[in-house]
Amino acid sequence: MASQAAVLQLLVPILAAVGGWWLLDEALGWRFLFSAGLVLGGILLTIFSRQRR
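Residues numbered from 1 in each chain as written. Predicted model: local features only at pLDDT ≥ 70, side-chain atom pairs only at ≥ 80, totals over all residues. Heavy atoms only, no water.

Structural notes on the overall build of the chain
So, point 1. When its secondary structure is counted, the chain shows three helices and zero strands.
So, point 2. When the helices and strands of the chain are read in sequence order from the N terminus, they spell out α-α-α.
So, point 3. In terms of C-alpha radius of gyration, the chain reaches 13 Å, well past the compact-globule figure of 10 Å for 53 residues.
So, point 4. Overall, the C-alpha framework of the chain stretches about 40 × 20 × 10 Å when taken along its three principal axes. (Helix = DSSP H or I, 4+ residues; strand = E, 2+ residues; numbered from the N terminus. Rg over C-alpha atoms; globule rule 2.2 N^0.38 Å.)

This is the structure we're talking about:
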């Protein structure tokens, strides 16, 4: 359970950027969307690979 919480901590920068976009009207470019997709994909792979064991 602690290791899953550690993996989910990788979401913090993404949530901060989305919060800046939503609250402060900051721009989100294609680089952010691409990197956020990679991070989310890695998190999903980690969570699902641990559930298979």
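Text resumes after the structure shown.
Some points on helix α3 (residues 30-52)
So, point 1. With 23 residues, α3 ought to run about 33 Å at 1.5 Å a step, and its terminal C-alpha atoms sit 33 Å apart, in line with that.
So, point 2. Where α3 is concerned, the buried positions are Phe32, Ala36, Ile43 and Ile47.
So, point 3. Elements in contact with the buried residues of α3: α1 (2-8) and α2 (12-24). (Expected span 1.5 Å × (residues − 1). Buried < 20%, exposed > 50% of the residue type's maximum accessible area, 1.4 Å probe, protein only. Contact = heavy atoms within 4.5 Å.)

Quick notes on a nonpolar patch on the surface
So, point 1. A cluster of nonpolar side chains, contributed by Val18, Trp21, Trp22, Leu23 and Leu24, occupies part of the molecular surface with about 620 Å² of accessible area.
So, point 2. Tracing the backbone shows tryptophan 22 in helix α2.
So, point 3. Owing to a relative accessible area of 66%, tryptophan 22 belongs among the exposed residues under this scheme. (Patch = residues over 30% accessible without salt bridge, like charges linked within 9 Å, V, L, I, M, F, W, Y side chains within 5 Å. Areas by Shrake-Rupley, 256 points an atom, 1.4 Å probe, with all protein chains shown as cover. Salt bridge = Lys/Arg side-chain N within 4 Å of Asp/Glu carboxyl O.)

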